[in-house]
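# Structural description and commentary
Okay, here's what each chain looks like letter by letter:
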Amino acid sequence: MTKHFGTIVAVDHLDFVVEPGRVTGFLGPNGSGKTTTLRMLLGLVTPNAGQATVGGQFYRDLANPSGTVGAVLEATSFHPSRRARTHLRMVARAGGHDEARADVVLDLVGLTADAKRKVGGFSMGMRQRLELASALIGDPDVLILDEPSNGLDPQGIAWLRDFMRYLASEGRTILVSSHLLAEMAQTIDNAVIVSHGQLKAQGTLESITSGVAQASMHARTPEADRLCAVLTEASARFRRLAHDLVAVDGMTPEQLGPLLATNQIILYELTNEGADLESIFLSLTAGLGFGELGQPA
């Protein structure tokens, strides 16, 4: 798909497939076109070129949309004076589903005890759970989540991770966008990485790790400023993690060691951290978000 708003290209010939029975992470820097892509998939935005389908059908042509696709986008639309159970019963009625589903999904997301509470008194995390319950009201096969971890505490994030894994184990298709890379690494099976609206990588985490990013060397030194200057001169990719800690991406110990020795940089510790989702992400998005942290690829 391609989508532009005036002269701004939000999505640029983006093409990928999301598989059932797996949790697919949709990852990219802010402004990379993730939300626009999800809105095009749900028929809320019309692409300038290309198409997005669910099971081979446009969302608008689905006979039972909320029974096929459940979605949680960034915006919330709860009436603050409405009780949680009442809200879900209205969602069920609007989608043509049994109102008894309200109690089923409240139990699924852990809000049974709060069913009679007014939504206006809910925390952000509770609102996120209620949004998820609304998306599940029709027992859909496909679930689309845009930053679902927002507002959740560590316990809530762990719960969400296990919950998505459970839904995928039932054979559902889970597409989740997030900026919490460390959390996504523990949650997703597949990744779709985008930047400037373009696809940078897709596949399993294992295939992306082995095929894209090399190990990251972490150097702890009292001369971190001078090390950064040396790495800049050598056109190396790096990230300043702390006042005395620098991560060097794409270099092996055999490559970095002689560079440190030649420049007589005092070294307290040098460890090979291996490739992780964060280093992959930074490498593929050409260092977007590095700022003063290091040099872009």
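I will try to describe carefully the structure that is included in this document.

Turning next to the overall build of the chain. Within the chain, the secondary structure is distributed over eleven helices and twelve strands. For the chain, with 297 residues in total, the buried portion stands at 46%. Nonlocal contacts in the chain, meaning residues at least 24 apart in sequence, comprise 68% of its contacts between residues at least 6 apart. Carbon and sulfur atoms provide 50% of the accessible area of the chain, an area that totals close to 14,400 Å².

This part is about the sheet that holds strand β12 (residues 269-272). Strand order in the open sheet made by the four strands is β10-β11-β9-β12, with antiparallel pairing throughout. Two strands in the sheet have a free side with no partner beyond their single neighbour: β10 (237-242) and β12. Taken pair by pair, the neighbouring strands of this sheet meet at an average axis angle of 20°, ignoring direction. Of the pairings in the sheet, the one linking strand β9 (residues 216-220) to strand β11 (residues 245-249) comprises five bridges and is antiparallel in character. Within β11, the residue paired with alanine 219 across the bridge is valine 246. Docked against the sheet, helix α10 (residues 253-262) engages β9, β11 and β12, running at close to 160° with respect to β12.

For asparagine 30, the position within the fold is in the loop between β3 (23-27) and α1 (34-41). For the pair asparagine 30 and histidine 196, spaced 166 residues apart in sequence, the C-alpha to C-alpha distance is 9.4 Å.

We now examine helix α4 (residues 101-108). Residues of α4 that are buried: Arg101, Ala102, Val105 and Leu106. Projected down its long axis, α4 shows its buried positions confined to an angular sector of 135°, all on one face. Where α4 is buried, its residues contact α3 (84-94) and α5 (124-135). Once α4 ends, the next one or two residues include glycine 110, with phi positive near 75°.

This paragraph deals with the packing of aromatic side chains. Enumeration over the complete set of coordinates arrives at three aromatic pairs. Note on tryptophan 159 and phenylalanine 163: the rings are 5.1 Å apart at their centroids and 10° apart in plane angle, and the pair reads as stacked. On the criterion of helical spacing, the pair formed by tryptophan 159 and phenylalanine 163 is a turn pair, its members being four residues apart in helix α6 (residues 154-169). The exposure class of tryptophan 159 is partly exposed, given its relative accessible area of 21%.

Attention shifts here to the pattern of salt bridges. Applying the stated criterion across every chain yields a total of eleven salt bridges. Linking arginine 226 and glutamate 223 is a salt bridge whose minimum nitrogen-to-oxygen distance equals 3.3 Å. Sharing partners across several salt bridges, the network here consists of Asp139, Glu170 and Arg172.

Nonpolar side chains in soluble globular proteins tend to be buried together. By size, the foremost hydrophobic cluster in this structure holds 44 residues, and its most contacted members are Leu27, Leu88, Leu130, Leu132 and Leu143. Residues contacting leucine 143, with those up to four places away along its chain left out, are Gly70, Leu132, Ala135, Leu136, Leu167, Thr173, Ile174 and Leu175. If you look at the next biggest cluster of nonpolar residues, it comprises 21 residues, including Phe16, Phe26, Ala52 and Ile144.

All right, on to the pairing of strand β8 (residues 198-204) then. The side chains of a regular strand alternate between the sheet's two faces. Bridge analysis of strand β7 (residues 190-195) against β8 gives six bridges, and the strand direction is antiparallel. Considered in β8, the bridge of asparagine 190 is made with threonine 204. Counted along the chain from β7 to the antiparallel partner β8, the turn is two residues long, and its residue histidine 196 has a positive phi close to 50°.

We now examine a nonpolar patch on the surface. Side chains of Val104, Leu108 and Tyr166 sit close together on the surface and give an oily, nonpolar patch of about 230 Å² of accessible area. Residue placement: leucine 108 occurs in helix α4. Residue leucine 108 is classed as partly exposed on the basis of its relative accessible area, which comes to 31%.

This part covers the packing of α3 against α4. Two numbers describe how α3 lies on α4: the axes approach to 8 Å, and their chain directions differ by 125°. Taken together, α3 and α4 sit at an angle that is classed as oblique. As for how α3 packs across α4, the hand of that crossing is right-handed. Contacts between α3 and α4 involve Ala84, Arg85, Leu88 and Arg89 from the first element and Ala102, Asp103, Val105 and Leu106 from the second.

How each quantity is defined
- Residues numbered from 1 in each chain as written.
- Predicted model: local features only at pLDDT ≥ 70, side-chain atom pairs only at ≥ 80, totals over all residues.
- Heavy atoms only, no water.
- Helix = DSSP H or I, 4+ residues; strand = E, 2+ residues; numbered from the N terminus.
- Buried < 20%, exposed > 50% of the residue type's maximum accessible area, 1.4 Å probe, protein only.
- Contact = heavy atoms within 4.5 Å.
- Areas by Shrake-Rupley, 256 points an atom, 1.4 Å probe, with all protein chains shown as cover.
- Pairing = 2+ DSSP bridges.
- Axes fitted to C-alpha atoms, helices over the stretch in contact; angles between N-to-C directions.
- Arc of directions from axis to C-beta.
- Phe/Tyr/Trp six-rings, centres within 6.5 Å; stacked < 30°, edge-to-face > 60°.
- Salt bridge = Lys/Arg side-chain N within 4 Å of Asp/Glu carboxyl O.
- Core = buried A, V, L, I, M, F, W, Y, C linked by side-chain atoms within 4.5 Å.
- Patch = residues over 30% accessible without salt bridge, like charges linked within 9 Å, V, L, I, M, F, W, Y side chains within 5 Å.
- Parallel < 35°, antiparallel > 145°, perpendicular 65-115°, else oblique.
- Left-handed = near helix turned anticlockwise from the far one by under 90°.

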